Every structure is written in structure tokens, then in C-alpha cells.
Amino acid sequence: MEARHLRYALALAEHAHFGRAAAALGIAQPPLSKQIADLERDVGTRLFDRTRRGVFPTAAGDAFLSRARRALDEITAAAVDASRAARGETGRLRLGFIASALLEPLPDVLGRFGRERPDVRLELHEMATSRSTAALVAGELDAAITLGRPRGAGAERLVSVPIGRDHLIAVVSSTHPYAGQRSVSAAQLLRQPLIVAPGEDEPAVVAGLHALLGADSPALVGATVARDVHTIIGLAACGVGVGLGPTRMLAAPRRGTWFCEVTPRTPLPDLVLSFTALDRSPVLDAFLDVIRDNCPEVGAALDRRLGPRPRGAGRGGDGPQSPAAASPSTSPSVVTPKVLRKPQTSW
């Protein structure tokens, strides 16, 4: 029994005549008569009464046709669902990310992706670089946004492209002695209690701090550990110490805090998007297309790695910024801090 047998039976029931049903189906009458006879033989009972007034379903035929309609509806729906899934309009996207990526660039990217793919289920997991790398290699994530390129076993199988560059800045309470300064030096930081990211979660960041302040620096050894930039800012606002983090912190202003540059300038690891090239889903490809459109330089890097994908013109540029947010740069994927020149007591 094939789907065409169901269509033939439904057409015959609708037209009550072999000739009219055959014409509607675009086939000759003898093949239709044979297909209906074959169907009745497969089912094991007569489905239609042939009378002088026309051809009408039997009780068995009515029961069969009821399910046949639902079966054909399901077949049609299955084809539609398959087509939508192939276009990345349904399914799921499992994304791991570090907390600071929620400041830049995830808000614009996820907002646009959600509007364009409302039926895709987003499974979002905030996690440190070390954890998201392991999850990505194990197949538990479709993509991950990390600080620095993934390292360790299996990382060589991943495609990784930078999506943002950053450097170290400091945040203090508006009552702190450094509030109002344009910058603070490494020597000044050594004299203050610090708030930093945990070394086991973000080893590349801590390596940069070691290079700046010294691996055995008492300031680092006794530093308060905070697992995300919001906590760093919050603890600094409470007067716990000097928070050290990426310039993306400027996108999360808080009343009673002051941000300033750190000298010498200390680059932080790139913000990196990684995924498995050999196991890409249509949903992941759709997500990459949104990133291409939002971040042209990142799109060019993806095209060099994966080859260009045809798509409609996207939009570029940054979204709205808060008064203390980063100033626009030449690329939407690069965050450049704007140093604040007066204490921020009005946020």
C-alpha cells in the first residue's frame, strides 16, 4: 500500500464515479479501477459499492477513508516539517557562552536569531571557557563562545574564529581613591585588594594578569575570585577592591562605580566562536548566517574557513548603547572602551 492508493480512494469517494475521479487525478480510468481493486485486496475487504447510481464507500470504506485522510495530512505535514528543518527554521541550538558575551555581542545576535527563527528552541548555557570547550568536544553543545581558542583533547577538530578583541580595564567604587583617574598603573594595582576571574575557569585571563602583576604577587594570591563580570562590578561597587575585567564591562554600568584603563595596556584573549565543522546542523548554519550579517569581519573569517553561503543582505553595526557603553569602532565585533572622565554617581 502506497500513498497514491490513499489519494485514489479519497478521490473516488469524492467524485463517486471512476471516470470523474480518474480525470481529477489525471490518469486513465482502467488504471484507477485496477489500483482500487489492488487496494481492496491488500486491505482484505471491499471498500466501495459499485452501483448504477455511482460508486460509494462501504462501512469498511468509510472507516478506511477516515484514517486515510489523516495519514495523507500527516504525510503532507511531514514534508513541510522536513523542509523547514532543512532551512534551519525548526530544531534546537545548544550554545555555551561566557557571561561577558551577554554584554557584547550576544544581545544583538540572539535577538535577531530569535526573531528570524521563532520556532527554534534555544538551549543557552552560561559556562566558563574550560567547561564549554569540553562540552563542545563531547557533542553536548553545537557552538561555544569562549575567551581564547579552545585547548585540549579534540580541540583540533573545531572551527574557531575570533568575534571580539578586548583588553583589561579596572572598576572601582566611586568612593575609592582611584575614582576619577583616567588610568591606573600595575604598581597601583599591586597595592590594592583585587577582584579577578578564577584561574581554573579562565586560565588565559589569569595568565595575562600574571604577566602584568607577577605570578607570585600577593595581590593576586589574596584576590577575591568572581565568576562573571557582573559579580566583579558588584563587588567593586561594594568597596571590596579593584575589579579587573574586559572592556565589555562598560556595557553594564552600575551606580556608584568608576571604570578606568590599566597601564601598561594588557590585551585579553579574543572572544572566540567555536563549533564542529563536520557536524553542522541547518540551525547552526542559520545562526552563523546571523553572525555573518551582524559582524561583517567575522563573516569574512567564516567564509574563509567554510566557504561563502548565499543569503540575503544583512544588517551591520551595533545596537543602542548606554551612556557608559563602548564607543563605536570600525568593526561591530571589536569593543573599544571609552574612558569615563568623571565619577559615575548618577547611573
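One can find the structure itself at the top, above this paragraph.
Thresholds, definitions, all that
Residues numbered from 1 in each chain as written. Predicted model: local features only at pLDDT ≥ 70, side-chain atom pairs only at ≥ 80, totals over all residues. Heavy atoms only, no water. Salt bridge = Lys/Arg side-chain N within 4 Å of Asp/Glu carboxyl O. Helix = DSSP H or I, 4+ residues; strand = E, 2+ residues; numbered from the N terminus. Buried < 20%, exposed > 50% of the residue type's maximum accessible area, 1.4 Å probe, protein only. Pairing = 2+ DSSP bridges. Expected span 1.5 Å × (residues − 1). Contact = heavy atoms within 4.5 Å.

Draft legend 1. Geometry of the pattern of salt bridges. With the rule as written, the count across this model stands at 17 salt bridges. The residue arginine 50 makes a salt bridge to glutamate 40 at a minimum N-O spacing of 3.0 Å. Taken as a pair, arginine 50 in strand 1 (residues 48-51) and glutamate 40 in helix 3 (residues 29-43) lie far apart in primary sequence, 10 residues in all. The partly exposed category is assigned to arginine 50, whose relative accessible area is 40%. Beyond isolated ion pairs, a larger network of salt bridges with shared partners links Arg84, Arg87, Glu89 and Asp119.

Draft legend 2. Local environment of the pairing of strand 11 (residues 257-263). Among the 7 residues of strand 11, 6 are classified as buried, and the element is accordingly described as predominantly covered. Relative to strand 11, strand 6 (residues 158-173) is paired through 5 bridges, and the arrangement is antiparallel. Opposite valine 171, over in strand 11, you have phenylalanine 259 as the bridge partner. Note that strand 7 (residues 183-185) and strand 11 share 3 bridges and pair parallel. Counterpart to serine 183 in the pairing with strand 11 is glutamate 261.

Draft legend 3. Quick look at helix 4 (residues 59-86). Under the 1.5 Å per step criterion, the end-to-end length of helix 4 is 41 Å for 28 residues, consistent within 8% with the ideal 40 Å. Within the sequence span of helix 4, burial applies to Gly61, Phe64, Leu65, Ala68 and Leu72. Considering only its buried residues, helix 4 is in contact with helix 1 (3-15), helix 3 and strand 2 (54-57). Where helix 4 terminates, the next one or two residues include glycine 88, which has phi positive at roughly 75°.

Draft legend 4. Local environment of the pairing of strand 1. Where strand 1 lies against strand 2, 4 bridges are found, and the strand directions are antiparallel. The partner of phenylalanine 48 across the bridge, within strand 2, is proline 57. Taken together, strand 1 and the strand that follows it, strand 2, pair antiparallel across an intervening segment of 2 residues.

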